[in-house]
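A look at the structure
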Amino acid sequence: MNQARIEAVAAPLPYSNLDTDQIMPKQFLRIIDKAGLDRGLLYDLRFDETGAPRPDFVLNQPAWRDVAILVAGPNFGCGSSREHAVWGLQQFGIRAIIASSYGEIFYFNALNNGLLLITLEPAEVDALLRQVGDPASNRIAIDVADCTVHGADGWRAAFTLPERHRRMFAEGQDMVGATLARLADVEAFEAEHWARHPWMKNVAARMRSRLDGAASAPPVRDAAS
């Protein structure tokens, strides 16, 4: 998916310290793959104790049904390290989050998985929260090429991204794609490394071959027998 420009409905989540346990509760981690994590996203905020949707929660309201951007409070994604929080957000359709700060592990988990995180000044986030809290102005645009966020009535804010991640989003890559794009560099480094340290190449395979050979060799009889 092209992430160079995202223009979509944004929803306000003005909660401070919204941690990964709240983003993706523990009962949704009992899986061996990533399937179905969208059901658990922000579960206790979206649903009551009977499992019924909370009508006052923003993501349950019609004006934000097509949300793809979250504008959040500070320290978003703090708490335990679980990539499931990132995967659940993406499965729900979230392509970008805007906040004044993030949990450090969550920040890099998100960027490396292709979820765009934008850091703005607290006053800018507050202004954007007010905008997207109004159904009439809840559609905003993010331009990765020039690192800007555009809101209603000409509102604009600039952000920065690590160059590696800016390039990844501009080119529509995740971490795997970014690595494969530099495969020639990886192979050149590997060849140079083995040329300098030939004794280290395939150590495990050579040891396994020796052990297999020793195990299959006939027993040695001493001369007396």
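Here's what I pulled together on the structure shown here. Computed from a predicted model, the values in this text were never measured in an experiment. Residue numbers restart at each chain and count upward from 1, following the sequence in its written direction. Given that this is a predicted model, residues contribute local features only at a pLDDT of at least 70 and side-chain atom pairs are listed and counted only at 80 or more, while totals for whole chains, interfaces and linings are drawn from all residues. No hydrogens and no water enter the side-chain calculation; it runs on all heavy atoms of the structure.

**Describing the overall build of the chain**
Starting at the N terminus, helices and strands are each numbered in turn, a helix being any DSSP run of H or I of at least four residues and a strand any DSSP run of E of at least two. The helix and strand tally for the chain stands at nine helices and seven strands. Between the two quantities, the radius of gyration covers C-alpha atoms and the globule rule is 2.2 Å times the number of residues to the power 0.38. Taking 225 residues into account, the globule formula puts the C-alpha radius of gyration at 17 Å, and the chain, at 25 Å, lies well above it. Seen along its three principal axes, the alpha-carbon backbone of the chain occupies a region of about 95 × 45 × 25 Å. Out of the 225 residues belonging to the chain, those deemed buried represent 39%. Looking at the chain alone, contacts between residues at least 24 apart form 65% of all its contacts between residues at least 6 apart. Each residue's exposure class comes from its accessible area (1.4 Å probe, protein chains only) as a fraction of the maximum for that residue type: buried when under 20%, exposed when over 50%, partly exposed otherwise. Only heavy atoms enter the contact rule, under which two residues are in contact if any of them lie within 4.5 Å.

**Remarks on helix α3 (residues 83-92)**
Turning to α3, its buried residues number three or more, namely His84, Ala85, Val86, Trp87, Gly88 and Leu89. Elements that come into contact with the buried residues of α3 comprise α1 (20-23), β2 (67-72), β3 (96-99) and α4 (104-112). Positive backbone phi, at 110°, marks Gly93, one or two positions downstream of α3.

**What about helix α6 (residues 163-170)?**
Within α6 the residues assigned to the buried category are His165, Met168 and Phe169. For α6, the buried positions fall inside an angular range of 90° around the axis, keeping them on one side. Downstream of α6 by a residue or two, Gly172 has a phi angle that is positive, lying close to 70°. Starting at the helix axis, one direction is taken to each C-beta atom, and the arc is that of these directions.

**Remarks on the pairing of β3**
Burial along β3 is two-sided: Ala96 and Ile98 facing one way and Ile97 and Ala99 facing the other are all buried. Two strands form a pair only when DSSP identifies at least two bridges running between them. Sheet topology note: the β2/β3 ladder contains three bridges and is parallel. Counted as the bridge partner of Ile69 is Ala96 from β3. By convention, orient the strands away from the viewer: a clockwise path from the first strand over the helix to the second makes the crossover right-handed. Between the parallel pair β2 and β3, the chain is carried across by α3, and the sense of this crossover is right-handed.

**With respect to the nonpolar core**
Phe76, Leu89, Ile97, Phe106 and Ile142 are the most contacted members of the largest nonpolar core, which has 58 residues in total. Contributions of two or more residues to this core are made by β1 (5-13), β2, α3, β3, α4, β4 (116-119), α5 (122-132) and β5 (139-143). Residue contacts for Leu89: discarding those within four places in its chain leaves Ile23, Leu41, Leu70, Phe76, Ile94, Ile97, Phe106 and Leu115. By nonpolar core is meant a set of buried Ala, Val, Leu, Ile, Met, Phe, Trp, Tyr and Cys residues that side-chain atoms within 4.5 Å join together.

**Remarks on the environment of Leu29**
One can find Leu29 in the loop between α1 and α2 (43-46). Owing to a relative accessible area of 24%, Leu29 belongs among the partly exposed residues under this scheme. On a C-alpha basis, the gap between Leu29 and Ala85 in space is 9.6 Å, while along the polypeptide they are 56 residues apart. With residues near it in sequence (within four places) discarded, Leu29 still touches Met24, Arg82 and His84.

**Overview of the packing of aromatic side chains**
Side-chain rings of Phe, Tyr and Trp (the six-membered ring for Trp) are treated as a pair once their centres are within 6.5 Å; stacked means planes under 30 degrees apart, edge-to-face means over 60, and tilted covers the remaining angles. Evaluated as defined, the whole model comprises five aromatic pairs. When the ring of Phe28 is compared with that of Tyr43, the centres are 5.3 Å apart and the planes differ by 45°; the resulting orientation is tilted. Of this pair, Phe28 sits in the loop between α1 and α2 while Tyr43 sits in helix α2, and the two are 15 residues apart along the sequence. Residue class for Phe28 comes out buried when judged on its relative accessible area of 18%. Residue class for Tyr43 comes out partly exposed when judged on its relative accessible area of 22%. Ring geometry for Phe76 against Phe106: centres 5.6 Å apart, planes inclined by 70°, an arrangement best described as edge-to-face. Taken together, the residues Phe76 in the loop between β2 and α3 and Phe106 in helix α4 connect sequence positions 30 residues apart. Classification of Phe76 by relative accessible area gives buried; the value is 1%.

**Quick look at the side chain of His165**
Turning to its location among the elements, His165 is positioned in helix α6. Each residue touching His165, except ones within four places of it in the same chain, is listed here: Phe108, Leu111 and Asn112.

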